[in-house]
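# Inside the fold
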Amino acid sequence: MELSSYLHPNVLRGDTMMKWMVRLLPLCTLILVFFLASCSGEENPEYPEYSGIFHNENLGVQLSVGMTKDEVDALLTPTGNEMPEKPEEVCKSWPVVYGESEDRIHVMYNWETDIADQISIEGEDGSETSNWTLDERISLGSTKEDIEKTYGTCSQGSDDSLSYNYDSAGKKTHGENTAVILNFCLDSEGRVFNVLAIQ
């Protein structure tokens, strides 16, 4: 039936308008669902997702704070093939450096639990490179813009450092209920020379 049959001298009758509204309701609902779905896929610059995982595609290895020393030892070889001995004297954390050259990564273990509570990749300045990346995006030589594009607005920052605090659910915090800290040190040219995850 044509629309013109519903018209009454340039005015739609009330019952006819209701019929058209009922017919259009499913279409409007469908459009709204598609719109909301597309919005949910956009990155939230204030609370972007993060994994806090260090990736090394060259070795096919992934590390994250919270792993045990046995788990890390099964994946990596200490630098120089020599495993440092755990200090006999009680201390907060003790270090092990794994890998050579661009595969080198630093891990600090909790003295009591042998759980990795700090992982970092380090260089003298941002001109150095590493096969390790944090969350498959940030590595030595990355820029402040790269970091902000990945993690959004920092929790704390300065000209030479950006820090991001997250709670145990992975939601960004500004100091309260912090479970993990991601910290990035920048050289004088604004390039990353230290990437650190702390539990």
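Before any of the text, the structure's been laid out above.
Once a new chain begins, its residue numbering starts again from 1 and follows that chain's sequence as written. Where local features are concerned, this predicted model is filtered to residues with pLDDT of at least 70; where side-chain atom pairs are given and counted, the filter is 80 or more; whole-chain, interface and lining totals use all residues. Just so you know, side-chain values use all the structure's heavy atoms and leave hydrogens and water out.

### Topic: helix α3 (residues 144-151)
As a reminder, the rule being used: Only protein chains enter the calculation, and the probe is 1.4 Å; a residue is then buried if its accessible area is under 20% of its type maximum, exposed if over 50%, and partly exposed in between. In DSSP terms, a helix is any run of H or I states spanning at least four residues, a strand is any run of E spanning at least two, and both are numbered starting from the N terminus. Read the arc as the range of directions from the helix axis to the C-beta atoms. Residues are treated as being in contact if the distance between any of their heavy atoms lies within 4.5 Å.
Within α3, the full set of buried residues consists of I147, T150 and Y151. The buried residues of α3 occupy an angular sector of 75° when the element is viewed end-on, so they sit on one face. Of the exposed residues in α3, the ones pointing more than 90 degrees away from its buried face are E145 and K149. In the core, the buried residues of α3 are packed alongside β8 (132-134), β10 (161-166), β11 (172-173), β12 (180-186) and β13 (192-198).

### Structural notes on the packing of aromatic side chains
Our working rule: Aromatic pairs are defined between Phe, Tyr and Trp rings, using the six-membered ring for Trp, whenever the two ring centres lie within 6.5 Å; interplanar angles under 30 degrees are classed as stacked, those over 60 as edge-to-face, and all others as tilted. Any Lys NZ or Arg CZ found within 6 Å of a ring centre and within 35 degrees of that ring's normal is scored as a charge over the ring.
All told, the structure shown has 4 aromatic pairs when counted by the stated rule. Ring geometry for W94 versus Y109: centroids 5.8 Å apart, planes at 45°, classification tilted. Of this pair, W94 sits in strand β5 (residues 93-98) while Y109 sits in strand β6 (residues 105-110), and the two are 15 residues apart along the sequence. Residue classification places W94 among the buried positions, given a relative accessible area of 4%. Seen in terms of ring centroids, Y151 and F184 are 5.6 Å apart; in terms of plane orientation they differ by 35°. Their pairing is tilted. Taken together, the residues span a long stretch of sequence, with Y151 in helix α3 and F184 in strand β12 at a distance of 33 residues. Each of the two residues, Y151 as well as F184, counts as buried. Positioned over the ring face of W111 is K86, at 4.8 Å from the centre of the ring.

### Looking at the sheet that holds strand β3 (residues 54-56)
Quick reminder of the rule: Strands qualify as paired when DSSP identifies two bridges or more between them. Here the axes come from fitting lines to C-alpha atoms, over the contacting stretch only for helices, and the angles between their N-to-C directions go from 0 to 180 degrees.
One open sheet accounts for 3 strands, arranged β4-β3-β8; its pairing is antiparallel. Of all strands in the sheet, those bounded by a partner on one side alone are β4 (61-63) and β8. With strand direction ignored, the average angle separating the axes of adjacent strands in the sheet is 25°. Bridge analysis of β3 against β4 gives 3 bridges, and the strand direction is antiparallel. In the sheet register, H55 faces β4, and the bridge partner there is Q62.

Read these as geometric descriptors, not functional statements.
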